[in-house]
Amino acid sequence: MSRDPVADAFREEFGRAVSILIRALGDFDLAQDAVQEAFAVAAERWPLDGVPTSPGAWIVTTARNRAIDRLRRERTLETRRAELARLAELAPDEEDDDVSTIPDERLALIFTCCHPALSVDAQVALTLRLLGGLTTPQIARAFLTGEATMAQRLVRAKHKIRAAGIPFRVPPDDALPERLEAVLAIVYLIFNAGYSDVRNELSAEAIRLGRTLTSLMPDEPEALGLVALMLLHDSRRGTRLDDEGGIVLLEDQDRSRWNGVEIEEGRALVEAALRRRRPGRYQLQAAIAACHTGEASDWPQIVLLYDGLLRLQPSPVVELNRAVAVAMHRGPEAGLAEIDLIEGLDGYLYFHAARADLLRRLGRDGEARGAYERALGLQPSDAERRFIESRLSLLSPG
Amino acid sequence: MQYLCLIYDDESLWANMPEGERNAVYNEYIGFTQSIKDSGHHLGGDALQPTSTATSVRVRNGETLVTDGPFAETKEQLGGYYLVEAKDVDEALKIAERIPSARYGTIEVRPVVVWEE
């Protein structure tokens, strides 16, 4: 526990408390407001009264009482009897009772937030708001969206859940693999949204969500694989850019500054996942990331893993990554031969940048210049532009 | 809950389909309709005559304006509907994906407003 027990409890318990209240109330807004209020009460009382033995149970009980008060004030009390009865059953009166006696509903909440009937933007926003407890302004900032737009997106999404009858439950077995894939994709999307910016809190939030998933679905190797992948990427976070914000390639990064704790955990998780013998795209990508964590990258192994990934998920972007690995393993000529077989990436910046780099290493400066210039024409970020320009300056004048 | 499954597909596709194939799809529709009647999901449903038979009417400032044609010219047209009873959107979508036209066109699934008494 760090210096702020309320903040710690918030991160640990917000999603669980919201999910429990939604199950009892069937009302996302009321549940969210009641839990938010419970944390506001905690911020006032805990510094004076001390932190309760079970902060989670205290939050659920306090939120439940707030919700009961709110329902009692409503004139439609008659129609609320069922909710009140469920709320009354929810928690014993002792606030220090263990929260683990109440069934954890977070899995149902994750699957509802990531339901394919909602737009991807709405899925992301809902997951961060209801499970992560991020505020609307925080989510808006992270996605460079206006607060009003984000607030409206959340209101619409919650309205659609209610009006369209999106169920609050874990999908049945026949739909589970497909739906789990959608959930994992949303978590990874949140991670990547935060990855480019060192100060962005989204990556940490995505890792926390991923951990929640693995604790709730311990038999799903892809969930383990996703957490491993995120940890292994996150371990390099501080070394990907130099002090001026310029791109530092993997082979030039200061490996002593990689986060050893995250690497160790990521490697252990990917090994545990692969032992289940049900490989998937996240496990293989994590295994590839793990191959970079030794003294030097294990390129032959990386090429083999990309072969496996291509069988699972044929895509020209994966082919490109494989070709780059082939170049590292067997030389630029072999890599270039592979790259030139790829179709459909003409509008992809990294295709031209990777090609240019191999041409440069082969001393074919004129062709390299042309390829770098193609890449520059494909809306690079500032850091990407500076990187490409620095590479262009290495070429003999054309 | 009640859901309206709106069936959108390309009318010309049907018009140009060889008769044998068209009959096969019709038979599939008959089988599907019977199956959701048997399972208790079916509340109603009809096929519509093509949009070439549609007439649109609007009243503006008390004036009635009647025009030939559908509400909007689109690539896929409303060709029929089912009204179904389902416990949630997942169940409704499971029904909708079995509508034969889901393979050719698009089924839009819309919850129906049920007014409280």
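Just so it is clear, the structure is predicted and the values come from calculations on it, not from any experiment.

Undergrad: Could you give an account of the overall build of chain B, with specific residues and numbers?
TA: A tally of regular secondary structure across chain B gives 3 helices and 6 strands. A principal-axis box enclosing the C-alpha atoms of chain B has dimensions of 50 × 45 × 20 Å. Relative to its 117 residues, chain B shows a buried fraction of 16%.

Undergrad: Summarise the overall build of chain A; cite the residues concerned and give the values.
TA: Helix and strand content of chain A: 19 helices and 0 strands. Along the first, second and third principal axes, the C-alpha set of chain A runs to 80 × 45 × 45 Å. Residue burial in chain A is summarised as follows: out of 398 residues, 40% are buried. Contacts in chain A between residues far apart in sequence, at least 24 positions, make up 61% of those at least 6 positions apart.

Undergrad: Outline helix H15 (residues 316-330) of chain A, listing residues and values.
TA: Residue and element names in this part refer to chain A. Taking 1.5 Å as the rise per residue, H15 with 15 residues should run 21 Å; its terminal C-alpha atoms sit 20 Å apart, in good agreement. Buried residues along H15 sit in contact with helix H14 (299-312), helix H16 (332-339) and helix H17 (349-361). Positive backbone phi, approximately 105°, marks Gly331, located one or two places after H15.

Undergrad: Which residues make up the pairing of strand E4 (residues 63-68) of chain B, and what are the values?
TA: Residue and element names in this part refer to chain B. In terms of burial, E4 is a largely surface element, 0 of the 6 residues being buried. Relative to E4, strand E3 (residues 55-60) runs antiparallel, the two being bridged by 6 bridges. By the bridge assignment, Val59 is partnered in E4 with Thr64. The antiparallel pairing of E3 with E4 creates a hairpin that spans 2 residues between the two strands, and Asn61 there sits at a positive phi of about 50°.

Undergrad: Break down the sheet that holds strand E6 (residues 106-111) of chain B for me, citing the residues and quoting the values.
TA: Residues and elements named next belong to chain B. Strands sit in the order E2-E5-E1-E6 across an open sheet of 4 strands; the sheet is antiparallel. Since the sheet does not close on itself, it has two edges, and those belong to strand E2 (42-47) and E6, each with one partner. Within the sheet, the average angular offset between the axes of one strand and its neighbour, ignoring direction, is 20°. Sitting on the sheet, helix H3 (residues 89-96) touches strand E1 (2-9), strand E5 (77-85) and E6, and the angle it makes with E6 is about 150°.

Undergrad: Before we move on, could you go through the packing of H15(A) against H16(A) and cite the residues and values that matter?
TA: Residue and element names in this part refer to chain A. Two numbers describe how H15 lies on H16: the axes approach to 6 Å, and their chain directions differ by 160°. If you check the angle between H15 and H16, you find them roughly antiparallel. Every pair of crossing elements has a handedness; the one defined by H15 and H16 is right-handed. Seen from H15, the contacting residues are Leu320, Ala323, Val324, Val326, Ala327 and Arg330; seen from H16, they are Pro332, Ala334, Gly335, Glu338 and Ile339.

Undergrad: Describe the nonpolar core, naming the residues involved and giving the relevant values.
TA: In this structure, A:Leu21, A:Val35, A:Ile59, A:Val187, A:Ala228 and B:Cys5 are the most contacted members of the largest nonpolar core, which totals 121 residues. Per-element accounting of this core gives the leading share, 10 residues, to helix H1 (residues 5-25) of chain A. Not counting the four nearest positions on each side in its chain, A:Ile59 is found in contact with A:Ala9, A:Glu13, A:Ala17, A:Val35, A:Ala38, A:Phe39 and A:Ala42.

Undergrad: Now, about the environment of A:Leu336: what can you tell me, with residues and values included?
TA: Residue and element names in this part refer to chain A. As for its placement among the helices and strands, Leu336 is situated in helix H16. Note: C-alpha distance between Leu336 and Ala354 (18 residues apart in sequence) is 8.9 Å. Residues within four places of Leu336 in sequence aside, it is in contact with Leu358, Leu359 and Leu362.

Undergrad: So what about the interface of chain B and chain A? Which residues, and what values?
TA: On the chain A side, the residues contacting the 5 residues of chain B number 6 residues. Taken together, the residues that form the side of chain B that touches chain A break down as 3 nonpolar, no polar and 2 charged.

Undergrad: Give a detailed account of the confidence of the model for chain A, specifying residues and quantitative values.
TA: Confidence in the prediction for chain A averages 90 pLDDT; 94% of positions are at 70 or higher. Within chain A, the element-level pLDDT minimum falls on helix H4 (residues 81-90) of chain A, averaging 76, and the maximum on helix H11 (residues 221-234) of chain A, averaging 97.

Undergrad: Got a sec to walk through the environment of B:Gln2? Specific residues and values, please.
TA: Positionally, B:Gln2 belongs in strand E1. Between the C-alpha atoms of B:Gln2 and B:Glu91, which are 89 residues apart in sequence, the distance is 11 Å.

Undergrad: Go over unusual backbone geometry with me, naming the residues and quoting the values.
TA: Not every positive phi belongs to a glycine, and A:Leu144 is a case in point at roughly 50°. Relative to the helices and strands, A:Leu144 is located in the loop between helix H7 (136-142) and helix H8 (147-164). For B:Asn61, which is not glycine, the phi torsion reads 50° and is therefore positive.

Undergrad: Explain the packing of helix H6 (residues 120-131) of chain A against helix H9 (residues 176-195) of chain A residue by residue, including any values.
TA: Residues and elements named next belong to chain A. Running from N to C, H6 and H9 cross one another at 80°; their axes reach a closest spacing of 10 Å. Judged by the inter-axis angle, H6 sits roughly perpendicular to H9. Here Gln123, Val124, Thr127 and Leu128 of H6 lie close against H9, whose contacting residues are Ile186, Leu189 and Ile190. Grouping the constituent residues of the contact of H6 with H9 by class yields 5 nonpolar, 2 polar and no charged.

Undergrad: Before we move on, could you go through H16(A) and cite the residues and values that matter?
TA: Within H16(A), burial applies to A:Gly335, A:Leu336 and A:Ile339. On an axial view of H16(A), the arc spanned by its buried residues comes to 100°, and they lie on one face.

Undergrad: How would you sum up the pairing of E1(B)? Please name residues and give values.
TA: Residue and element names in this part refer to chain B. Across the two faces of E1 the burial differs, with Tyr3, Cys5, Ile7 and Asp9 buried and Gln2, Leu4, Leu6 and Tyr8 not buried at all. Examined bridge by bridge, E1 and E5 share 8 bridges and lie antiparallel to one another. Looking at E5, one finds that Tyr3 is bridged to Val84. Alignment of E1 against E6, held across 6 bridges, turns out to be antiparallel. Paired with Leu6 across the bridge in E6 is Glu108.

Definitions and limits used
- Residues numbered from 1 in each chain as written.
- Chains lettered and ligands numbered in written order.
- Predicted model: local features only at pLDDT ≥ 70, side-chain atom pairs only at ≥ 80, totals over all residues.
- Helix = DSSP H or I, 4+ residues; strand = E, 2+ residues; numbered from the N terminus.
- Buried ≥ 20, exposed ≤ 12 C-beta atoms within 10 Å, placed from the backbone.
- Contact = placed C-beta atoms within 7 Å.
- Expected span 1.5 Å × (residues − 1).
- Pairing = 2+ DSSP bridges.
- Axes fitted to C-alpha atoms, helices over the stretch in contact; angles between N-to-C directions.
- Parallel < 35°, antiparallel > 145°, perpendicular 65-115°, else oblique.
- Left-handed = near helix turned anticlockwise from the far one by under 90°.
- Core = buried A, V, L, I, M, F, W, Y, C linked by C-beta atoms within 7 Å.
- Nonpolar A, V, L, I, M, F, W, Y, C, P; charged D, E, K, R; others polar.
- pLDDT = per-residue confidence, 0-100.
- Arc of directions from axis to C-beta.

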